[in-house]
Structure formats: structure tokens, C-alpha cells
Amino acid sequence: MPGFGPPPSENKRRANKDEFEEQAVTVSDDGESHGPELPYSALYTPRTLDWYETWRLAPQASTFTVTDWQRLHMLASIVDAYWLEPSTKLLAEIRLNESLLGATHVDRMRGRIKVEPPKPRPTAAEVTDLTSRRRRISDAS
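Residues numbered from 1 in each chain as written. Predicted model: local features only at pLDDT ≥ 70, side-chain atom pairs only at ≥ 80, totals over all residues. Heavy atoms only, no water.

Asks: Mind laying out the overall build of the protein chain, listing which residues take part and the relevant values?
Replies: Across its full length, the protein chain holds 5 helices and 2 strands. Counting from the amino terminus, the protein chain carries its helices and strands in the arrangement β-α-α-α-α-β-α. Looking at the protein chain as a whole, 21% of its 141 residues qualify as buried. Long-range contacts, defined as pairs at least 24 residues apart, comprise 65% of the intrachain contacts of the protein chain with a sequence gap of at least 6. (Helix = DSSP H or I, 4+ residues; strand = E, 2+ residues; numbered from the N terminus. Buried < 20%, exposed > 50% of the residue type's maximum accessible area, 1.4 Å probe, protein only. Contact = heavy atoms within 4.5 Å.)

Asks: Can you lay out the nonpolar core for me, pointing to particular residues and giving the numbers?
Replies: Of all hydrophobic cores here, the largest spans 15 residues; its most connected members are Trp-51, Tyr-52, Trp-55, Phe-64, Trp-69 and Leu-72. Elements with a minimum of two residues in this core: α1 (46-57) and α2 (66-84). Excluding residues that lie within four positions of it along the chain, Trp-55 makes contacts with Gln-60, Ala-61, Phe-64, Trp-69, Leu-72, Glu-98, Leu-101, Gly-102 and Ala-103. (Core = buried A, V, L, I, M, F, W, Y, C linked by side-chain atoms within 4.5 Å.)

Asks: Could you give me a rundown of the pattern of salt bridges, with the residues and numbers involved?
Replies: Pairs can form between side chains of opposite charge whenever their charged atoms are close. All told, the structure shown has 2 salt bridges when counted by the stated rule. Note that Arg-56 is salt-bridged to Glu-53, the shortest N-O span being 3.0 Å. Placement of the pair is Arg-56 and Glu-53 together in helix α1, with a separation of 3 residues, close to one helical turn. In this structure Arg-56 comes out as buried when scored by relative accessible area, which is 10%. A salt bridge links Arg-110 to Asp-107; its shortest N-O distance comes to 3.5 Å. Pair noted here: Arg-110 and Asp-107 are both in helix α4 (residues 105-110), with a separation of 3 residues, about one helical turn. The exposure class of Arg-110 is exposed, given its relative accessible area of 58%. (Salt bridge = Lys/Arg side-chain N within 4 Å of Asp/Glu carboxyl O.)

Asks: Break down the environment of Val-79 for me, citing the residues and quoting the values.
Replies: By the secondary structure assignment, Val-79 is in helix α2. When its relative accessible area of 2% is taken as the criterion, Val-79 is described as buried. For the pair Val-79 and Leu-49, spaced 30 residues apart in sequence, the C-alpha to C-alpha distance is 9.7 Å. Contact partners of Val-79, with chain neighbours within four places excluded, come to Thr-48, Trp-51 and Ile-94.

Asks: Quick rundown of α1? Include the residues and the values.
Replies: For α1, with 12 residues, the first-to-last C-alpha span of 16 Å sits near the 16 Å given by 1.5 Å per residue. Taken together, the buried positions of α1 are occupied by Thr-48, Trp-51, Tyr-52, Trp-55 and Arg-56. The arc enclosing the buried residues of α1, seen along the axis, measures out at 140°, which places them on a common side. Seen from the buried face of α1, the exposed residues on the opposite side, beyond 90 degrees, are Pro-46, Asp-50 and Thr-54. Looking at the buried positions of α1, the neighbouring elements they touch are α2 and α3 (88-100). (Expected span 1.5 Å × (residues − 1). Arc of directions from axis to C-beta.)

Asks: So, the packing of α2 against α3: which residues are in play, and what are the values?
Replies: Look at α2 against α3: their axes get within 10 Å of each other, and the N-to-C directions meet at 150°. Between α2 and α3, the crossing angle belongs to the class labelled roughly antiparallel. You can see that α2 and α3 cross each other, and the crossing is left-handed. Every residue of α3 that contacts α2 at Arg-71, Leu-75, Ile-78, Val-79, Ala-81 and Tyr-82 is listed here: Leu-90, Leu-91, Glu-93, Ile-94, Asn-97, Glu-98 and Leu-100. (Axes fitted to C-alpha atoms, helices over the stretch in contact; angles between N-to-C directions. Parallel < 35°, antiparallel > 145°, perpendicular 65-115°, else oblique. Left-handed = near helix turned anticlockwise from the far one by under 90°.)

Structure below.
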């Protein structure tokens, strides 16, 4: 019966194709601090400074441009105001801005940001012991 069931495979097409898949970015969780220090840091509460340092250590921060850092600098005063007197209005503004920078797993998925886990550090079994080599060299001298 024509008209029932899925279309033949030669006529299939994907309507929800990801048009931006080739623009995906992979970042490494290297544990390094990125970007500038927070200007006028003496004016902020310790919690705000911790918040900013968390962003500097975030893997996606390695891709931030000057405008992204400017957004975080502007947001710092809102975060500081939130810590001093929490309100849903301030929290909503913070959440919106952080979302645009890839704060959560879903935000990073939307932004096509892939985070590579940190590379494992070599264990003692993987490190070559050079003690005997050093002895042979010093004995030969």
C-alpha cells in the first residue's frame, strides 16, 4: 500500500542534522589557570574570588577571548552582590551568563565543547629507575 510506513531508504533524509558539528571544540582539563586575574580583586568577597578562580581553572576557559573575560569581569560584581544579599533575580542573571560560557554539561553540549579528561600521571611502575644507570656512569668516570 503506497503512503504507509517509513519512506524507502534511498529517500530518507535527516531533518535534525547538526549543522555546526564541524565547529566542535575539544579542550583539555589540564588543571592550569587561564586568562587574566580579576581586576580590583581587593573589592570582592572571598567567595567571589573563588568563583572567578573556578572559571579560570575551567577547561573551556582556554578558549575564551577578551570579550568572554570581559563578561566574567562584569558578572563578578553581580556575583558579589548575590553573595552579600542572595536573590532569585541576581541568581537568574548569573545563571544566564554562565550558561552562555558553558558552565554546565548541557551548556557545553549545546556549545559543542568537548572536554578531554586529564591525562593520567605516570605511576611509580611506569617511571624508569635511573639509579643503576647513574652508578655505572659515576663508576666509569
